[in-house]
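# Examination of the molecular architecture
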Amino acid sequence: MSRLAPLLGFVLLAALLGFGIWWNSGHDQREVPSPLIDKAAPAFVLPRLDDPAQSVSRASLLGKPYLINVFASWCIACGEEHPVLMTDGKQIGVPLIGYDYKDDPAEAKAWLAEHGNPYDTVIADREGRSAIDFGVYGAPESFLIDAQGVIRYKHIGPLTPEVIASELKPAIDALQREAH
Amino acid sequence: MTPELGQLALILALLLAAAQGVLPILGAWRGNGALMAVARPAAFGQALFVALAFAILVAAFLGHDFSVQYVADNSNLALPWYYRIAAVWGAHEGSMLLWVSILDVWTLALALFGGRLPEVFRARVLGVLGLIAVGFLAFILFTSNPFLRLLPMPPDGGDLNPVLQDPGMTFHPPVIYMGYVGFSVAFAFSIAALLGGELEQAWVRWARPWTNVAWAFLSAGIVAGSWWAYAELGWGGWWFWDPVENASFMPWLVGTALIHAQAVTEKRGSLRAWTILLSIFAFSLSLLGTFLVRSGVLTSVHSFASDPRRGFYILCFLILVVGGSLLLYALRAPKVAGGKAFRPVSRESAILVGNLMLTVAAAMVLLGTLFPLIGDALALGKISVGPPYFGFLFTLLMLPVVLLLPFGPYLRWGKGETPMLKQVLLRAGLAAAACAIVACFLVNGQAKAIAGVAGAVWVGAGVLLYAFKRWREMPRGRRYPAEMAGMLLAHAGVALFLVGVLLSESLSVTRDVRMAPGEHQQIAGYDFRFDGVTETRGPNWRAEQGTVIVSRGGTIVATMHPQKRSYTREQVQTESAIDPGVTRDLYVALGEPMDKQHIEGAWALRLYYKPFIRWLWAGGLLMMLGGFVGACDRRYRQRRAATVVSAAASEPAMPPALEARA
């Protein structure tokens, strides 16, 4: 029996490796689920980019689901994402909140004027303080927050038509089904 | 046209490898001399065609043949010629071709220098190597063909992964593969022994020099890899317990155990089944390492692009090779515990404890490496274990090894003499304690550093005492046979390694700072002055290059130029600046500019002071040297003639006279 032990150990190992191949064909290795998923979004109060006198807060957005999209005029990947937001992003069915991250307001306004503004509201986080509460790695990044102010989905990196169709849309549809 | 010739050469090599793998083993089984005689010519032919394919790929890189997909992906017109050669193994397809080429180097060496092995045995060994070559050649041809064409041909290619554009990294893959693949020889020997049922010590004696050389190459490869990570990655670390590193470390641990187990089996006839099992494990872990790096099952900071189809193929191959050999082991392993008996205090026992610790350490590394996978399998979520797990358990497991090490040479086979051991304990122990007390004052009570000094002196004193004893007691010329010299060198390497690891880990000073030009920072008595950043260029990169002047007590010690390079495809690579020294390294890495628009302004910099860090690589190199020296022992060459006669006459038995002399 003891001479069969190494073989049995190897069978277990091979099964684990086989599982690994099967599992990885369906999952992206690099995805790290955000610990904030299904937790309340951090409380924030941030001025609007177009009118700093007015502020937007987590409380003022409660009641309706919305998508926060972190962007900045200095961010190259945001430039790639932008056309997608201008087309597919406008049709996702929830308000799009632009989150201008560590940016100069004048440059951000110029950037939106040049490339078009897909956002319903743009808020500015000049110091990036609230972004730390959100666990923002860098721009672009998107958070889907439900009517109760709970983060339901997060995407790191540019939104692409594929990501919107395969991940974001289903997440939004699920929210709307819950609402009914 | 030429790349197609390369592909044709690979196909012919595959066919010849199949002949080399199947016919001699059949011949050995049926006692057919003609079939056995196929082994050598088939091996030569196979190696010739693989070499041809390899040369064609090199030529395609040198001649900028971007109509070949692999060349277009991994080189460009600006890449210097030496990196174009290194680019041959810079990505998956080519590195698999390198794998087979190196397998052929070993096969050829065996076909040429193994001439004194009994013919039946040699036929089986070459056959097993042929079967391994079949597996890899088919893998290349079916899933990873480096000769695929790219149409239309692009005017210029991509780039060699900038991480690999470093002199150290150029040699690292071939050297580490020499080690990995070298274990295939010990593996083939043990499979041949299982097939033949000749479970005497003879095969172990033949396998020993080959195993030593493979282990030495693997040591060198790991040292080179660790050195490269230190110099290139810019984190100042030398080992990260990354899956790719672990993949090379596991075979090394088992290989270390194997070398010692082989000594026991050769000289005393004990632990026979264990030695066979370790030979299988060492090569299986090499294959597993290849699998882990290639399959995409685990990702790593320096892994190559991966593809699940390849992973599936390698898994099937792994099941065939490892599963098959373990099944063979279960069926044919030695039935009774043979060999001479030994007492609890004996060299055998000491080696057995060391073996146990090394294999458990390898299992621990394997478990840690596979942890993320186990987490997924048991639905525990994303979990992984890091340096704290590995570092703690590895230290714990190696502690008994370090403590036992000085006694090893003093212990007799069978039964050790206690008074002698007490003497060693007293002398080496006193030396270690004395140095530890001195160290207490020098390093302000840093426990790790004191432990490093004590451990190193303990091991080093043991080695020196034994070397001195041999010098006194043995006649000139018989004092240090190569096998003994190799052992002493490798064990001395352990002492140097301990100094390097524990002192650099405990006494290093790291500082992340923002520095404007002209500003100073003081670290460990050194003054670092930042003189700003300028632009510079290389053949295929441009870089932001900083200047840091280091001085001590007013005299300038070093002028350092850390760089941040951008290669052709905008890939950024840090080039740390290192001022090496026997007792310390000074290390500067360039971070980010405070203002991207003004690189002449302030920058984030990482400054390190790393005492004695060089000693750990010196220790690794000494271990490597020990492996090579040990393999040169005259015993392996001299006795073979005598062994051949006996083995050819009656395969299973070894004359007792020979056994007794060892």
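Residues numbered from 1 in each chain as written. Chains lettered and ligands numbered in written order. Predicted model: local features only at pLDDT ≥ 70, side-chain atom pairs only at ≥ 80, totals over all residues.

### Some words on the overall build of chain B
Stated formally: Every helix listed is a DSSP run of H or I at least four residues long, and every strand listed is a run of E at least two residues long, numbered separately from the N terminus. Based on C-alpha atoms, the radius of gyration is set beside the globule rule, defined as 2.2 Å times the residue count to the power 0.38.
Across its full length, chain B carries 20 helices and 10 strands. Compactness check: chain B gives a C-alpha radius of gyration of 27 Å against a globular reference of 26 Å for 662 residues, within 12% of the reference. The dimensions of chain B, computed from C-alpha atoms along their principal axes, are 80 × 75 × 55 Å.

### Some thoughts on the confidence of the model for chain B
Residue and element names in this part refer to chain B. Defined as follows: pLDDT expresses, on a scale from 0 to 100, how confident the predictor is about each individual residue. We call two residues in contact whenever the C-beta atoms placed from their backbones are within 7 Å.
Confidence along chain B averages 86 in pLDDT terms, with 92% of residues attaining 70 or more. When the elements of chain B are averaged for pLDDT, helix α20 (residues 656-661) gives the smallest value, 36, and helix α3 (residues 39-62) the largest, 95. In this model residues 639-662 is a low-confidence stretch, pLDDT under 50, and it forms 26 contacts with partners more than four residues away in sequence or in other chains. Here the complex is predicted with pTM 0.80, and the ipTM for its interfaces comes to 0.79.

### Some details on the sheet that holds strand β4 (residues 96-101) of chain A
Residues and elements named next belong to chain A. Under the convention used in this document: For two strands to be treated as a pair, DSSP must find at least two bridges joining them. Every axis in this analysis is a line fitted to C-alpha atoms, fitted for helices over the stretch in contact. Angles between the N-to-C directions lie between 0 and 180 degrees.
Taken together, 5 strands build an open sheet; the order of strands is β5-β4-β3-β6-β7 and the sheet is mixed. In this open sheet, the two strands that pair with only one neighbour each are β5 (121-125) and β7 (151-156). Strand-to-strand twist in this sheet, taken as the mean axis angle between neighbours without regard to direction, amounts to 20 degrees. Relative to β5, β4 runs parallel, the two being bridged by 5 bridges. Across the sheet, the residue bridging to I97 is T121, located in β5.

### Considerations on the nonpolar core
What counts here: Take the buried Ala, Val, Leu, Ile, Met, Phe, Trp, Tyr and Cys residues, join any whose C-beta atoms are within 7 Å, and the set you get is a nonpolar core. Buried, partly exposed and exposed are defined by the number of other C-beta atoms within 10 Å of a residue's own C-beta, namely 20 or more, between the two limits, and 12 or fewer respectively, with C-beta atoms placed from the backbone.
Judged by nonpolar contacts, the single largest core of 211 residues is most densely connected at A186 and V254 of chain B. Of the residues forming this core, the biggest block, 20 residues, is contributed by helix α9 (residues 202-233) of chain B. L46, L49, A139 and Y153 of chain A belong to the second-largest nonpolar core, a separate cluster that totals 38 residues.

### Structural notes on the sheet that holds strand β8 (residues 577-579) of chain B
Residue and element names in this part refer to chain B. If you walk across this open sheet you meet the 4 strands as β1-β10-β9-β8, and the pairing is antiparallel. On the outer flanks of this sheet lie β1 (509-515) and β8, each paired with one strand and no other. The sheet shows a mean angle of 15 degrees between the axes of neighbouring strands, taken without regard to direction. Note: β1 against strand β10 (residues 603-611), 7 bridges, orientation antiparallel. When the bridges of β10 are listed, D512 appears paired with R606.

### Side note on the packing of α9 of chain B against helix α10 (residues 243-268) of chain B
Residues and elements named next belong to chain B. Applicable threshold: Our angle categories are set so that under 35 degrees counts as roughly parallel, over 145 as roughly antiparallel, 65 to 115 as roughly perpendicular, and the remainder as oblique. Left-handed describes a crossing in which the near helix is turned anticlockwise from the far one by less than a right angle; the clockwise case is right-handed. Residues were grouped as follows: Ala, Val, Leu, Ile, Met, Phe, Trp, Tyr, Cys and Pro as nonpolar; Asp, Glu, Lys and Arg as charged; and all remaining residues, including Gly, as polar.
Look at α9 against α10: their axes get within 9 Å of each other, and the N-to-C directions meet at 150 degrees. Put simply, α9 runs roughly antiparallel to α10. Two packed elements cross with a definite hand, and for α9 against α10 that hand is left-handed. Across the contact of α9 with α10, the residue classes tally to 11 nonpolar, 10 polar and 4 charged.

### A closer look at unusual backbone geometry
Residues and elements named next belong to chain B. At the junction of L151 and P152, the peptide bond is cis and its omega measures out at -5 degrees in the coordinates. On the secondary structure map, P152 appears in the loop between α7 (119-143) and α8 (167-196). Its identity is not glycine, yet L271 carries a phi of approximately 55 degrees, on the positive side. For L271, the location among the structural elements is in the loop between α10 and α11 (272-295). The class for L271 is buried, based on 26 C-beta atoms found within 10 Å. Not every positive phi belongs to a glycine, and A524 is a case in point at roughly 45 degrees. On the secondary structure map, A524 appears in the loop between β2 (520-523) and β3 (526-537). On the basis of neighbour counts, which here come to 16 C-beta atoms within 10 Å, the residue A524 falls in the partly exposed class.

### So, helix α1 (residues 2-30) of chain B
Stated formally: Given the number of residues in a helix, its expected span is that number minus one, multiplied by 1.5 Å.
Between its first and last C-alpha, α1 of chain B extends 42 Å over 29 residues, near the 42 Å set by a 1.5 Å rise per residue. Just downstream of α1 of chain B, G31 of chain B is the residue with a positive phi angle, here 70 degrees.

### With respect to helix α4 (residues 105-115) of chain A
In an α-helix, one turn spans 3.6 residues; hence positions three or four apart end up facing the same way. All names here are of chain A. For clarity, the threshold we go by: In this description, one arc is meant: the one made by directions from the helix axis to the C-beta atoms.
Turning to α4, its buried residues are A108, W111 and L112. The buried residues of α4 occupy an angular sector of 95 degrees when projected down its axis, which confines them to one face. More than 90 degrees from the buried face of α4, the exposed residues found are A106, A110, A113 and E114. Against β4 and β5 lie the buried residues of α4. At the exit of α4 stands G116, carrying a positive phi of roughly 95 degrees.

### A closer look at the packing of helix α6 (residues 92-113) of chain B against α7 of chain B
All names here are of chain B. Closest axis-to-axis distance for the α6/α7 pair is 10 Å, and the angle between their directions is 165 degrees. For the element pair α6 / α7, the angle class is roughly antiparallel. In this structure, the crossing between α6 and α7 has a hand that is left-handed. Residue-level contacts link M96, L97, W99, V100, L103, T107, L110 and A111 of α6 to V125, L126, L129, I132, A133, F136, L137, F139 and I140 of α7. By residue class, the composition of the contact of α6 with α7 is 16 nonpolar, 1 polar and no charged.

### A look at the pairing of strand β6 (residues 563-567) of chain B
Residue and element names in this part refer to chain B. In terms of residue burial, β6 counts as a mostly covered element, since 4 of its 5 residues are buried. Here 5 bridges tie strand β4 (residues 541-552) to β6, and the two strands are oriented antiparallel to one another. Note on β6: the bridge partner recorded for R542 is S566. The sheet contact formed by β6 and strand β7 (residues 572-575) spans 4 bridges and is antiparallel.

### Quick word on the pairing of β4 of chain B
Residues and elements named next belong to chain B. Pairing of β3 with β4 involves 9 bridges; the strand directions are antiparallel. Counterpart to F530 in the pairing with β4 is V548. In this structure, the hairpin formed by β3 and β4 is closed by a connection of 3 residues. By the bridge criterion, 5 bridges tie β4 to strand β5 (residues 555-560) in an arrangement that is antiparallel. When the sheet's bridge partners are listed, I549 is paired in β5 with T559. Two successive antiparallel strands, β4 and β5, enclose a turn made up of 2 residues, where G553 displays a positive phi of approximately 55 degrees.

### Describing the environment of G182 of chain B
Residue and element names in this part refer to chain B. Here G182 shows up in helix α8. A count of 29 C-beta atoms within 10 Å places G182 in the buried class. For the pair G182 and I102, spaced 80 residues apart in sequence, the C-alpha to C-alpha distance is 8.4 Å. Setting aside residues up to four positions removed in sequence, G182 forms contacts with W106, W210, V213, A214 and F217.

### Considering the environment of W111 of chain A
Within the secondary structure, W111 of chain A is located in helix α4. In the structure, W111 of chain A is positioned 16 residues away from P95 of chain A in sequence and 20 Å away in space, judged by C-alpha atoms.

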